[in-house]
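Fold and contact review
Residues per chain are reported as follows:
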Amino acid sequence: MSQLDDIDKRIGARIRIERESRGWSLTELAERSAVSRAMIHKIERGESSPTATLLGKLSGAFSLSMSALMARAEMRRGRFLRKGEQPVWVDPQTGYERRHVSPKSDLPLDLVRIELPAGAEVPMPASAYAFVRQLIWVLEGQLTFIEGDTKHSMSAGDCLELGPPTDCVFKNESGEPCIYAVLVLRDA
(Lines give C-alpha, C1' and ligand atoms only; values in the text may rest on other atoms or scores of the structure.)
Protein backbone atom coordinates (compact mmCIF):
# COMPACT_ATOMS: atom_id res chain seq x y z
CA MET A 1 0.00 0.00 0.00
CA SER A 2 1.43 3.41 -0.94
CA GLN A 3 1.65 6.33 1.49
CA LEU A 4 -1.13 8.12 -0.45
CA ASP A 5 -3.44 5.08 -0.28
CA ASP A 6 -2.80 4.85 3.46
CA ILE A 7 -3.63 8.54 3.97
CA ASP A 8 -6.83 8.20 1.93
CA LYS A 9 -7.88 5.28 4.14
CA ARG A 10 -7.08 7.24 7.32
CA ILE A 11 -9.00 10.28 6.02
CA GLY A 12 -11.98 8.07 5.21
CA ALA A 13 -11.86 6.43 8.63
CA ARG A 14 -11.62 9.84 10.32
CA ILE A 15 -14.64 11.13 8.40
CA ARG A 16 -16.62 8.06 9.49
CA ILE A 17 -15.50 8.57 13.13
CA GLU A 18 -16.50 12.26 13.04
CA ARG A 19 -19.89 11.39 11.51
CA GLU A 20 -20.64 8.52 13.88
CA SER A 21 -19.50 10.45 16.97
CA ARG A 22 -22.20 13.00 16.16
CA GLY A 23 -24.81 10.28 15.63
CA TRP A 24 -25.27 11.30 11.98
CA SER A 25 -26.30 9.01 9.18
CA LEU A 26 -24.66 9.20 5.76
CA THR A 27 -27.77 11.02 4.55
CA GLU A 28 -27.52 13.64 7.31
CA LEU A 29 -23.84 14.34 6.56
CA ALA A 30 -24.68 14.55 2.86
CA GLU A 31 -27.36 17.15 3.56
CA ARG A 32 -25.11 19.18 5.89
CA SER A 33 -22.11 19.14 3.53
CA ALA A 34 -23.74 19.23 0.07
CA VAL A 35 -21.68 16.14 -0.83
CA SER A 36 -23.51 13.12 -2.22
CA ARG A 37 -24.21 10.20 0.08
CA ALA A 38 -22.59 7.84 -2.44
CA MET A 39 -19.38 9.88 -2.53
CA ILE A 40 -19.17 10.04 1.28
CA HIS A 41 -19.67 6.26 1.41
CA LYS A 42 -16.81 5.73 -1.10
CA ILE A 43 -14.51 8.06 0.84
CA GLU A 44 -15.28 6.43 4.19
CA ARG A 45 -14.48 3.01 2.74
CA GLY A 46 -11.20 4.29 1.23
CA GLU A 47 -12.45 3.57 -2.29
CA SER A 48 -12.14 7.20 -3.47
CA SER A 49 -9.60 9.92 -2.77
CA PRO A 50 -11.45 13.11 -1.82
CA THR A 51 -10.62 16.39 -3.51
CA ALA A 52 -9.55 19.45 -1.52
CA THR A 53 -12.90 21.13 -2.24
CA LEU A 54 -14.82 18.10 -1.04
CA LEU A 55 -12.74 17.92 2.16
CA GLY A 56 -13.49 21.60 2.75
CA LYS A 57 -17.23 20.88 2.54
CA LEU A 58 -17.04 17.87 4.86
CA SER A 59 -14.88 19.61 7.45
CA GLY A 60 -17.23 22.60 7.46
CA ALA A 61 -20.19 20.30 8.12
CA PHE A 62 -18.32 19.01 11.20
CA SER A 63 -17.55 22.59 12.36
CA LEU A 64 -13.85 21.86 11.83
CA SER A 65 -11.26 23.47 9.63
CA MET A 66 -9.89 21.26 6.86
CA SER A 67 -6.54 21.42 8.65
CA ALA A 68 -8.07 20.11 11.91
CA LEU A 69 -9.85 17.27 10.10
CA MET A 70 -6.67 16.30 8.26
CA ALA A 71 -4.56 16.52 11.43
CA ARG A 72 -6.96 14.18 13.22
CA ALA A 73 -6.54 11.69 10.38
CA GLU A 74 -2.79 12.09 9.91
CA MET A 75 -0.98 12.95 13.10
CA ARG A 76 0.52 11.27 16.13
CA ARG A 77 1.48 13.28 19.23
CA GLY A 78 5.04 14.48 19.76
CA ARG A 79 7.18 17.60 19.72
CA PHE A 80 9.45 16.61 16.82
CA LEU A 81 8.37 15.58 13.34
CA ARG A 82 11.00 14.69 10.74
CA LYS A 83 10.32 15.58 7.12
CA GLY A 84 10.00 11.91 6.18
CA GLU A 85 7.30 11.46 8.85
CA GLN A 86 5.25 14.49 7.83
CA PRO A 87 1.96 13.35 6.29
CA VAL A 88 1.57 14.29 2.63
CA TRP A 89 -1.76 14.27 0.82
CA VAL A 90 -2.26 14.98 -2.90
CA ASP A 91 -5.56 16.23 -4.33
CA PRO A 92 -6.35 13.75 -7.14
CA GLN A 93 -8.12 16.45 -9.14
CA THR A 94 -5.51 19.23 -9.19
CA GLY A 95 -2.23 17.72 -7.98
CA TYR A 96 -2.29 20.16 -5.02
CA GLU A 97 0.13 18.71 -2.46
CA ARG A 98 -0.48 19.28 1.25
CA ARG A 99 2.29 18.50 3.77
CA HIS A 100 1.44 18.80 7.47
CA VAL A 101 4.70 20.21 8.84
CA SER A 102 3.97 20.89 12.51
CA PRO A 103 3.92 18.07 15.07
CA LYS A 104 0.65 17.39 16.85
CA SER A 105 0.87 19.22 20.15
CA ASP A 106 -1.02 21.44 22.54
CA LEU A 107 0.09 24.56 20.65
CA PRO A 108 -2.89 26.35 19.09
CA LEU A 109 -1.22 26.32 15.66
CA ASP A 110 -0.98 24.04 12.64
CA LEU A 111 1.65 24.68 9.97
CA VAL A 112 0.94 23.27 6.53
CA ARG A 113 3.08 23.50 3.35
CA ILE A 114 1.18 23.57 0.07
CA GLU A 115 2.53 23.09 -3.43
CA LEU A 116 0.05 24.29 -6.04
CA PRO A 117 0.96 23.16 -9.58
CA ALA A 118 1.15 25.61 -12.46
CA GLY A 119 -2.34 26.42 -13.76
CA ALA A 120 -4.11 24.74 -10.82
CA GLU A 121 -7.16 26.21 -9.12
CA VAL A 122 -8.63 25.01 -5.81
CA PRO A 123 -11.94 26.49 -4.58
CA MET A 124 -12.76 26.30 -0.87
CA PRO A 125 -16.19 26.95 0.65
CA ALA A 126 -16.63 29.52 3.43
CA SER A 127 -17.49 26.68 5.81
CA ALA A 128 -13.84 25.56 5.68
CA TYR A 129 -12.79 28.86 7.29
CA ALA A 130 -15.61 29.46 9.74
CA PHE A 131 -13.88 28.14 12.84
CA VAL A 132 -10.25 29.27 12.57
CA ARG A 133 -7.98 32.18 11.77
CA GLN A 134 -5.41 31.65 9.04
CA LEU A 135 -2.37 33.25 7.45
CA ILE A 136 -1.08 32.48 3.96
CA TRP A 137 2.64 33.05 3.41
CA VAL A 138 3.95 32.61 -0.16
CA LEU A 139 7.39 30.95 -0.11
CA GLU A 140 8.00 30.54 -3.87
CA GLY A 141 6.17 31.58 -7.02
CA GLN A 142 2.93 33.47 -7.53
CA LEU A 143 -0.44 32.89 -5.88
CA THR A 144 -3.74 34.49 -6.73
CA PHE A 145 -6.02 34.21 -3.75
CA ILE A 146 -9.64 35.20 -4.30
CA GLU A 147 -11.47 35.90 -1.05
CA GLY A 148 -15.12 36.60 -1.87
CA ASP A 149 -15.02 39.63 -4.18
CA THR A 150 -11.41 40.54 -3.31
CA LYS A 151 -8.49 39.34 -5.41
CA HIS A 152 -5.03 39.21 -3.80
CA SER A 153 -2.05 38.80 -6.15
CA MET A 154 0.73 37.44 -3.99
CA SER A 155 4.45 36.87 -4.64
CA ALA A 156 7.23 35.16 -2.69
CA GLY A 157 7.49 36.69 0.78
CA ASP A 158 3.94 38.10 0.85
CA CYS A 159 1.74 37.17 3.80
CA LEU A 160 -2.04 37.58 4.13
CA GLU A 161 -4.36 37.15 7.10
CA LEU A 162 -7.69 35.79 5.91
CA GLY A 163 -10.72 37.92 6.62
CA PRO A 164 -14.19 36.78 7.69
CA PRO A 165 -15.27 33.40 6.27
CA THR A 166 -16.22 33.57 2.61
CA ASP A 167 -15.88 31.32 -0.42
CA CYS A 168 -12.25 31.40 -1.58
CA VAL A 169 -10.16 30.24 -4.52
CA PHE A 170 -6.45 29.46 -4.58
CA LYS A 171 -5.10 29.93 -8.13
CA ASN A 172 -1.68 29.53 -9.68
CA GLU A 173 -1.92 31.44 -12.94
CA SER A 174 1.81 31.14 -13.62
CA GLY A 175 3.78 28.50 -15.48
CA GLU A 176 5.72 27.48 -12.34
CA PRO A 177 4.63 25.73 -9.14
CA CYS A 178 3.66 27.94 -6.20
CA ILE A 179 4.73 26.93 -2.70
CA TYR A 180 3.06 28.56 0.26
CA ALA A 181 2.56 27.97 3.95
CA VAL A 182 -0.79 28.08 5.71
CA LEU A 183 -0.65 28.85 9.42
CA VAL A 184 -3.88 27.86 11.11
CA LEU A 185 -4.59 29.34 14.53
CA ARG A 186 -7.07 27.29 16.48
CA ASP A 187 -8.60 27.51 19.94
CA ALA A 188 -6.12 26.25 22.51
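Residues numbered from 1 in each chain as written. Predicted model: local features only at pLDDT ≥ 70, side-chain atom pairs only at ≥ 80, totals over all residues. Heavy atoms only, no water.

Next up on the list: the overall build of the protein. Per the secondary structure count, the protein includes five helices and ten strands. Principal-axis analysis of the C-alpha atoms gives the protein an extent of 45 × 40 × 35 Å. For the protein, buried positions account for 46% of its 188 residues. In the protein, once contacts between residues fewer than 6 apart in sequence are set aside, the share between residues at least 24 apart is 63%. Of the roughly 9,400 Å² of accessible surface on the protein, a fraction of 50% belongs to carbon and sulfur atoms. Put simply, the protein has 25 plus and 26 minus side-chain charges, and the middle of one group is 6 Å from the middle of the other. (Helix = DSSP H or I, 4+ residues; strand = E, 2+ residues; numbered from the N terminus. Buried < 20%, exposed > 50% of the residue type's maximum accessible area, 1.4 Å probe, protein only. Contact = heavy atoms within 4.5 Å. Areas by Shrake-Rupley, 256 points an atom, 1.4 Å probe, with all protein chains shown as cover. Lys, Arg positive; Asp, Glu negative; His and termini not counted. Charge placed at Lys NZ, Arg CZ, Asp CG, Glu CD.)

Attention shifts here to the sheet that holds strand β1 (residues 88–90). If you walk across this open sheet you meet the six strands as β1-β2-β3-β10-β5-β8, and the pairing is antiparallel. Each of the sheet's edge strands pairs with one partner strand only, and the pair in question is β1 and β8 (159–161). Averaged over all pairs of adjacent strands, the angle between strand axes in this sheet comes to 20°, irrespective of strand direction. Judged from the three bridges that link them, β1 and strand β2 (residues 97–100) form a sheet pairing that is antiparallel. Note that in β2 the partner of V88 across the bridge is R99. Sheet strands in contact with helix α5 (residues 66–74) are β1, β2, β3 (109–116) and β10 (178–185), and its direction is about 65° off that of β2. (Pairing = 2+ DSSP bridges. Axes fitted to C-alpha atoms, helices over the stretch in contact; angles between N-to-C directions.)

Pairing within the open sheet is antiparallel, and its four strands lie in the order β4-β9-β6-β7. Edge positions in the sheet fall to β4 (121–124) and β7 (150–155), since each of these pairs with one other strand and no more. Pairs of neighbouring strands in the sheet enclose a mean axial angle of 15°, with direction left out of account. As paired strands, strand β6 (residues 142–147) and strand β9 (residues 168–171) are joined by four bridges and run antiparallel to one another. Note on β9: the bridge partner recorded for T144 is K171.

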